[in-house]
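Observations on the three-dimensional arrangement
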Amino acid sequence: MAFVGVTALSAVAVAIVVVVGLVAVLAEGGKNNVNDDFVNHDDFANKEKKSISPTLPSEMKDHTFVFVMGAHHSGTTILDLIFCSHPNVSCLVTHKRQDEGQHVQTVYKKAAVLGGMTGYAFNDESHMTENSKSITDENRIKLFREWSEYWTDMSRPFLFEKSPPNVIKSRFLQSLFTEQATRFIMIMRHPLGAINFALESSRYFNTCCERTCLMLIRHWLYTHKLASEDVHHLKHVRFFKYESLVERGVKQAKYIIHKTEEYLGLGAGEHVEYVTASLAEPSLSKSRRKKKHSKRKKQSADENRALGGRRNLLEYHGNRKHVSVRMGSAYKWLPLWEKIISTQNADGACDRMVEELEADVNVYGYSLKDYQWVGQATPFKEIDITPIHPTT
């Protein structure tokens, strides 16, 4: 028994030595393997990723591609409409939601399948850069041709595309359409204004301060965090706030549009009327939007083009031939938010939410305490075209 025990112990000792030796070898080799794997992975990715031509094909080269971007319900629609009224601009008329290009292409996934308006930025697939494997010559021409079916006039030099998720796809779009031929316009709105569309639903309204508003504002913050990192990679981009456009007087609104036209190289030409809106003025109801959308879907593409591309929700702003900018309309969300504060803060839930998010929101020049304070969005200050001294 003693002999067997010694033998067993000897075997165990040998096994331990062998295992230790193997661990040492693997550890040493593992370091190299990890590095080798990392390098090989990059090499593999580079080999797998098809090269893309630095120049556009002949059918694309006579155009400048302008992408309007910003979080959902932040003013991308009115901005798109303003410039769609310009004689040198062609915009998409798709018969899909808000005439957004994301809905009429097959090159990348639209926001609806990646988390929807309230969560798409949290999905890694939504954030696309110059490293995307979807950047190929085939996809470049494919995306252009898919959108070409809906641009109203391909003879015009400036082709606009407006989809809110562009805000975290700008580097991808720049790579596809080239630095020389792309321009980006970014617009931002107070997070409470941007999420107001969701609060009109009891699903979000009833648990706003406790859960849903916290989630929605975090999504707004994360979307703009990604965007703030991406804009440093863009060759041509300008930024301003929705409030700066519609809450600082007609003179400043015209200044912002003029500076944007100047940046694009468009020259004056948009047909815009600036009208005063009351804070209490009712917004377009869901039933009216649905009715209008249903009616519009029955129109042919030619009829829709003849009307200037009138779109659901946008009857509030007119159409592409004559746009009405509602001055003083940026805070139409305020009464609903005040109702939330008055009904859901009994246990301090709203106060806790505000305290948790206030500092992060302040970075972008907004406040959850002083609702109508508009400061500079620090991450975007280098591309902001808003006057330093507000004009009235």
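In case you missed it, the structure is sitting above this.
In this report, the structure presented in the accompanying data block is examined. (Residues numbered from 1 in each chain as written. Predicted model: local features only at pLDDT ≥ 70, side-chain atom pairs only at ≥ 80, totals over all residues. Heavy atoms only, no water.)

Here's the deal with the overall build of the protein chain
- On a plain count of helices and strands, the protein chain comes out with 14 helices and 8 strands.
- Across the 392 residues that make up the protein chain, the buried fraction comes to 50%.
- Pairs at least 24 residues apart make up 80% of the contacts formed inside the protein chain by residues separated by at least 6 positions.
- Counting only carbon and sulfur atoms, one obtains 54% of the accessible surface of the protein chain, whose full area is about 19100 Å². (Helix = DSSP H or I, 4+ residues; strand = E, 2+ residues; numbered from the N terminus. Buried < 20%, exposed > 50% of the residue type's maximum accessible area, 1.4 Å probe, protein only. Contact = heavy atoms within 4.5 Å. Areas by Shrake-Rupley, 256 points an atom, 1.4 Å probe, with all protein chains shown as cover.)

Regarding the side chain of Ser-228
- In this fold, Ser-228 is placed in helix 8 (residues 208-230).
- When its relative accessible area of 11% is taken as the criterion, Ser-228 is described as buried.
- Ignoring anything within four residues of it in the chain, the contact list for Ser-228 reads Tyr-364, Pro-379 and Phe-380.

What to know about the environment of Ile-385
- With respect to the element layout, Ile-385 can be found in the segment after helix 14 (349-362).
- With residues near it in sequence (within four places) discarded, Ile-385 still touches Arg-238, Phe-239, Phe-240, Tyr-255, Ile-256, Lys-259 and Thr-260.

Some thoughts on the packing of helix 8 against helix 14
- One can describe the packing of helix 8 onto helix 14 by two numbers: an axis separation of 9 Å at closest approach and a directional angle of 10°. With respect to helix 14, the axis of helix 8 lies roughly parallel. Note on element contacts: helix 14 touches helix 8 through Ala-349, Cys-350, Met-353, Glu-356, Leu-357, Asp-360 and Val-361, opposite Cys-208, Cys-209, Glu-210, Cys-213, Leu-214, Ile-217, Arg-218 and Leu-221.
- Across the contact of helix 8 with helix 14, the residue classes break down as 11 nonpolar, no polar and 4 charged. (Axes fitted to C-alpha atoms, helices over the stretch in contact; angles between N-to-C directions. Parallel < 35°, antiparallel > 145°, perpendicular 65-115°, else oblique. Nonpolar A, V, L, I, M, F, W, Y, C, P; charged D, E, K, R; others polar.)

Focus: the sheet that holds strand 3 (residues 158-162)
- Pairing within the open sheet is parallel, and its 5 strands lie in the order 2-3-1-4-5. Only two strands of the sheet have a single neighbouring strand rather than two, namely strand 2 (89-90) and strand 5 (237-241).
- The pairing of strand 1 (residues 64-69) with strand 4 (residues 182-188) spans 5 bridges and is classified as parallel. Bridging across to strand 4, Phe-65 finds its partner in Thr-182.
- Those strands touched by helix 2 (residues 76-84) are strand 1, strand 2, strand 3, strand 4 and strand 5, and its axis lies near 165° from that of strand 3. (Pairing = 2+ DSSP bridges.)

Structural notes on helix 2
- Counting buried positions along helix 2 gives 9 out of 9 residues, so the element sits mostly inside the fold.
- All of the buried residues along helix 2 are Thr-76, Thr-77, Ile-78, Leu-79, Asp-80, Leu-81, Ile-82, Phe-83 and Cys-84.

Considerations on the nonpolar core
- One finds Phe-65, Trp-147, Phe-160, Trp-337 and Phe-380 to be the most contacted residues of the largest nonpolar core, which totals 102 residues.
- Examining the composition of this core, we find that 10 residues originate from one element, helix 8, more than from any other.
- Other than its neighbours up to four places away in sequence, Trp-147 contacts Phe-67, Leu-92, Gly-101, Val-104, Gln-105, Tyr-108, Glu-161, Leu-173 and Phe-177. (Core = buried A, V, L, I, M, F, W, Y, C linked by side-chain atoms within 4.5 Å.)

Here's the deal with the pattern of salt bridges
- Counted by the stated rule, this structure contains 12 salt bridges.
- Here Glu-125 and Lys-109 are joined by a salt bridge, their closest N and O atoms 3.0 Å apart. On the criterion of sequence distance, the pair formed by Glu-125 in the loop between strand 2 and helix 3 (137-148) and Lys-109 in the loop between strand 2 and helix 3 is long-range, its members being 16 residues apart.
- Here Arg-140 ties to Asp-137 by a salt bridge, and the two come within 3.5 Å at their closest N and O atoms. Of this pair, Arg-140 and Asp-137 both sit in helix 3, 3 residues apart, which is roughly one turn of that helix. (Salt bridge = Lys/Arg side-chain N within 4 Å of Asp/Glu carboxyl O.)

Remarks on the packing of aromatic side chains
- The tally for this structure, following the rule as stated, stands at 18 aromatic pairs.
- A ring pair is formed by Phe-65 and Phe-144, whose centres lie 6.0 Å apart and whose planes are at 85°; its orientation type is edge-to-face. Here Phe-65, found in strand 1, pairs with Phe-144, found in helix 3; they are 79 residues apart in sequence, far enough to count as distant.
- Taking relative accessible area as the criterion, Phe-65 reaches 1% and is therefore assigned buried.
- With relative accessibility at 3%, the residue Phe-144 sits in the buried group.
- Both rings, one in Phe-65 and one in Trp-151, keep their centres 6.2 Å apart while their planes meet at 45°; by these two values the pair is tilted. With Phe-65 in strand 1 and Trp-151 in the loop between helix 3 and strand 3, this pair connects stretches of sequence that are 86 residues apart.
- Here the aromatic cluster, defined as three or more aromatic residues joined through ring pairs, consists of Phe-65, Phe-67, Phe-144, Trp-147, Trp-151, Phe-177 and Phe-184. (Phe/Tyr/Trp six-rings, centres within 6.5 Å; stacked < 30°, edge-to-face > 60°.)

Thoughts on the packing of helix 8 against helix 13 (residues 334-344)
- Across the interface, helix 8 lies against helix 13 with an axial gap of 12 Å and an inter-helix angle of 145°. Every residue of helix 13 that contacts helix 8 at Cys-208, Cys-209 and Cys-213 is listed here: Trp-337, Ile-340 and Gln-344.
- When grouped by side-chain class, the residues that make up the contact of helix 8 with helix 13 number 5 nonpolar, 1 polar and no charged.

Quick notes on the side chain of Asn-166
- With respect to the helices and strands, Asn-166 occurs in the loop between strand 3 and helix 4 (170-177).
- Separated by 2.8 Å, the side chains of Asn-166 and Glu-161 make a polar contact.
- Setting aside residues no more than four positions away along its own chain, Asn-166 makes contact with Phe-67, Val-68, Met-69, Tyr-108, Glu-161 and Leu-173. (Polar contact = N/O pair within 3.5 Å; in protein donor to acceptor, adjacent residues only side chain to side chain.)

Quick notes on unusual backbone geometry
- Phi is positive for His-95, close to 65°, though the residue is something other than glycine.
- Even without a glycine there, the phi angle at Gln-98 is positive, about 55°.

Quick notes on helix 14
- In this model, helix 14 (14 residues) spans 20 Å end to end at C-alpha, consistent with the 20 Å of a helix rising 1.5 Å per residue.
- Bending of helix 14 peaks at approximately 35° at the position of Glu-356.
- Turning to helix 14, its buried residues number three or more, namely Ala-349, Cys-350, Met-353, Val-354, Leu-357, Glu-358 and Val-361.
- Buried residues along helix 14 sit against helix 5 (191-194), helix 8 and helix 13. (Expected span 1.5 Å × (residues − 1). Bend = angle between axes of the 7 residues up to and from the residue.)

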